[in-house]
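Understanding the architecture of this molecule
Letter by letter, the chains look like this.
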Amino acid sequence: MNKQRIQRVLSRIPVVLVMIYILLPVVLVVWMSFFSSKMIIFPPKGYSIEWYLNLFSKRNFVSAAQLSVQVAVIATIISVTIGTLTSIGLNQRRFRGRELVQTSFLAPLTIPTIVTGIAIYATLTTIGQWVNQKLVPSMFVLIMGHVIITIPWAIRLINSGMSGIDRRLEEAALNLGANRVQAYLLVVLPQIKSSIMAAGIFTFIVSFNNLEMSLMLVGPGQSMLPIETLNYVLWNMDPTIAAISTLQVVMVLLLLLIVNKLVGLSNVF
Amino acid sequence: MPTDVRLENVTKSYGPQTVLGNLNLDVREGELVALLGASGCGKTTALRIIAGFLTPEEGRVLIGGQDYTYKTPNQRNTSMVFQSYALFPHMSVRENVAFGLKMHKVEKSQIKPMVDEILSAVRLEELGERYPRQLSGGQQQRVALARALVMRPDVLLLDEPLSNLDAKLRHEMRVEIRLLQERYGLTTIFVTHDQEEALTMSDRIMVMNKGVICQSGTPKEVFERPRSRFVADFTAVRNFMRGDFLEDKFVTRSGTEIRAGDSSRAPGTSCLGIRPGKIALNPPDSDAYANVFRGTVKIATFLGDKVEVLAVLPSGEEFILEVPTMAWDESRYEKGKEIVFGWKSEDMLYLTEEDASK
């Protein structure tokens, strides 16, 4: 038996192990969502789609999901727009302290989100008392809170795409008679289309899955999907939670498929 | 329409570093001028100032007699071909070429024939629907040229356009660029570090060093009569003898006496130069060969149709000779053997050590 073949097989083992480690939870969750018993037990006694029906019959889950999507979409649009403009600015020319500015955009990632959430809540409550206005909770603050945690991702991803493109392209466009805006819209932005897509997906997922910021800033009587999920698991042990998770997995898969259709996934990540 | 270009006392620096110090440059209508110099000499900076990507701190940029110093790139009708070509990757060849016309709001019905014409001029009619990544280096180069030429620019600017091509293609493109330039009568400024490119393609060469032009003239003038050691070095002169005139002779630092007339011949000369190809092996006994030396072979390198010989005089002075392979008898001139060589006075170059214009 030749040594090379053995080496090749051996070198693949870690890859397979890591793949299992990553994918097993997802597969298990999907599997469990179809268990029929009221408690999650192995081996399953039978299968049903009861928990999916249960999910849609519960109004609070549906409205929480709606709010989550709403907030995530708006937060994504805002942070991708700001991220794109920031990257243009950062790559316009090398200025003193560019690295510092670039790094400081990642600062929100270093603070635990729950702390940021509390800080925003406490500060705005106090300011609200001074100006005699109720600032929190409000939809605006909820969305902006999400923007704070999503914007580092947007800037990071778009900026890395932007710094990889040939600066001469922009100059060529100017040279051929385009003005600055045209040069960006027609020549530079198409080059980072896939980075913008990647940033969009990432930002959406980060916002959609966020619990801590939402917990602090959501209004009374409102709820978002991660909060509702947490509430549910405190009191119930049935596979409804697995059903929610499965739907989230499906949603992300759909998003990736759409992006694949639009720009090709291999260009995105 | 093609027009003349002038730079008047242009100064540009990056921080404390002066890249262009008082540069003056004059390109006539329809002329192809090569800016020749090593990297960092300021030649690309000069080009970028003409295109409007950079603004000089002092001086003026005149295109067709009008002051364009502070105009933005899109207010000038200068077309640049970039070293990296800078083709738009998300556009087909046709879209790349049509881009400038669209930006200038040319009627849609007129764009197509203009693009067709220029694509056939650069022999790319078949490849209009391809994308840049599907093209070879030479084809990309032609798209870049077509994209620039279709604008019928006042000035065509070429930034090292051949440096990304292999040797064979480079030779072809030299001729092709020259033919297109003549066909459209374009005023062209061409930046290169390759003396051969500059000599073969241009009407006039301007040799740049440290941000100033140290010599300009026709390729023949520059090649045959370089004024400074720098220019000579850049045009493949390889034998330099530094020294001073002493009465009717020139004495090098190692004490070799060379018959070069007296200092009135070329005031300011502090260095003599001779091309390796101009040194003859066993020169005939005639007055034309005023300088004949006896030395020994240090090393001989076979280069195909010629042999490059490093010969050393008893004084230690070294010379590089190029001898046609046919005239080279290996057994007679092996290492350490005696060799007699000399050159005609008229082939000797009288050079200043530093650039005269400084």
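It should be emphasised that the depicted structure is a prediction, and the values quoted were computed from it without experimental measurement.

**Focus: the overall build of chain A**
A tally of helices and strands in chain A yields 13 helices and 0 strands. Moving toward the C terminus, one meets the helices and strands of chain A in the order α-α-α-α-α-α-α-α-α-α-α-α-α. Computed over the C-alpha atoms, the radius of gyration of chain A is 23 Å, more than 25% above the 18 Å expected from 2.2 N^0.38 for a compact globule of 269 residues. Along the three orthogonal principal directions, the C-alpha set of chain A runs to about 80 × 70 × 30 Å.

**Considering the pattern of salt bridges**
Residues and elements named next belong to chain B. Applying the stated criterion across every chain, the model contains 31 salt bridges over all chains. Of the charged contacts in the structure, one is a salt bridge between Arg152 and Glu117, with a shortest N-O distance of 3.4 Å. Linking Arg152 in the loop between helix H4 (137-149) and strand S7 (155-159) with Glu117 in helix H3 (residues 108-121), this pair joins segments that are 35 residues apart in sequence. With a shortest N-O distance of 3.7 Å, Lys220 and Glu224 are connected by a salt bridge. Here the residue Lys220 and the residue Glu224 both occupy positions in helix H7 (residues 219-224), the gap between them amounting to 4 residues, near one helical turn. Salt bridges here are not isolated pairs; linked through shared partners, they connect Arg6, Glu8, Asp26, Arg60 and Asp67.

**Overview of the packing of aromatic side chains**
All names here are of chain B. For the coordinates displayed, the defined rule picks out 15 aromatic pairs over all chains. A centroid spacing of 5.6 Å and a plane angle of 40 degrees characterise the contact between Phe230 and Phe234, whose relative ring orientation is tilted. Residue Phe230 and its partner Phe234 are both found in helix H8 (residues 229-234); the two are separated by 4 residues, about one turn of the helix. The exposure class of Phe234 is buried, given its relative accessible area of 16%. Ring geometry for Phe245 against Phe250: centres 5.2 Å apart, planes inclined by 80 degrees, an arrangement best described as edge-to-face. These aromatic residues form a ring-pair network of at least three members: Phe293, Phe319, Phe341 and Trp343. The ring of Phe223 carries the charged tip of Arg275 above its face, separated from the ring centre by 3.7 Å.

**Topic: the interface of chain A and chain B**
Facing the 17 residues of chain A at the interface are 22 residues of chain B. If you sort the residues of chain A by the area they bury against chain B, Glu171(A), Asn175(A) and Leu176(A) come out on top, with a joint share of 39%. One can count 1 salt bridge joining chain A with chain B. A salt bridge links Glu171(A) to Arg48(B); the shortest N-O distance between them is 2.6 Å. Remark: the boundary between chain A and chain B carries 8 residue pairs in polar contact (both at pLDDT 80 or more). Of all the secondary structure elements, the ones that give two or more residues to the side of chain A that touches chain B are helix H7 (167-175) and helix H8 (180-191) of chain A.

**Overview of the pairing of strand S9 (residues 204-209) of chain B**
Residues and elements named next belong to chain B. When you tally the buried positions in S9, you get 6 out of 6 residues, the bulk of the element. Side-chain alternation along S9 places Arg204, Met206 and Met208 on one buried face and Ile205, Val207 and Asn209 on a second face that is also buried. Inspection of the sheet shows strand S3 (residues 32-36) paired to S9 by 4 bridges, in the parallel sense. Directly across from Leu35, in S9, lies its bridge partner Met206. Note: S9 against strand S10 (residues 212-217), 5 bridges, orientation antiparallel. Residue pairing for S10: Asn209 is matched across the bridge by Val212.

**Brief notes about a nonpolar patch on the surface**
A contiguous nonpolar surface patch, about 1,100 Å² in accessible area, is contributed by Ile6(A), Leu10(A), Ile13(A), Val16(A), Leu17(A), Ile20(A), Leu24(A), Leu28(A), Trp31(A), Ile40(A), Phe42(A) and Tyr47(A). Considering the arrangement of structural elements, one finds Ile40(A) in the loop between helix H1 (3-32) and helix H2 (50-57).

Cut-offs applied
As a convention, each chain's residues are numbered from 1 in the sequence order in which they are written. Just so you know, chain letters begin at A and ligand numbers begin at 1, following the order they were written in. pLDDT decides what is reported in this predicted model: residues at 70 or higher carry local features, side-chain atom pairs at 80 or more are listed and counted, and totals for whole chains, interfaces and linings draw on all residues regardless. Excluding hydrogens and water, the side-chain figures rest on all heavy atoms present in the structure. Labels follow the DSSP assignment, with helices taken as runs of H or I lasting at least four residues and strands as runs of E lasting at least two, numbered in each case from the N terminus. With the radius of gyration taken over C-alpha atoms, the globule rule is written as 2.2 Å times the number of residues to the power 0.38. Salt bridges, as used here, are contacts in which a Lys or Arg side-chain nitrogen is within 4 Å of a carboxyl oxygen on Asp or Glu. Only the six-membered ring of Trp is used, alongside the rings of Phe and Tyr, when aromatic pairs are assigned; centres must lie within 6.5 Å, and planes under 30 degrees apart are stacked while those over 60 apart are edge-to-face, with the rest tilted. Type-normalised accessible area, obtained with a 1.4 Å probe on protein chains alone, sets the label of each residue: buried when under 20%, exposed when over 50%, and partly exposed for intermediate values. Charge-over-ring placement is defined geometrically: NZ (Lys) or CZ (Arg) within 6 Å of the ring centre, and within 35 degrees of the ring normal. The contact criterion used is simple: two residues touch if any of their non-hydrogen atoms lie within 4.5 Å. Throughout, buried area stands for the accessible area (probe radius 1.4 Å) lost by two parts on being put together, summed over both. Here a polar contact is taken to be a pair of N or O atoms separated by no more than 3.5 Å, where protein atoms must pair a possible hydrogen donor with a possible acceptor and residues adjacent in sequence count only if both atoms sit in side chains. Paired strands are those between which DSSP finds at least two bridges. Residues form patches when they are more than 30% accessible in relative terms and have no salt bridge. Like charges link within 9 Å. Nonpolar side chains (Val, Leu, Ile, Met, Phe, Trp, Tyr) link within 5 Å. The method behind every accessible area is Shrake-Rupley, applied with a 1.4 Å probe, and residues are considered shielded solely by the protein chains displayed.

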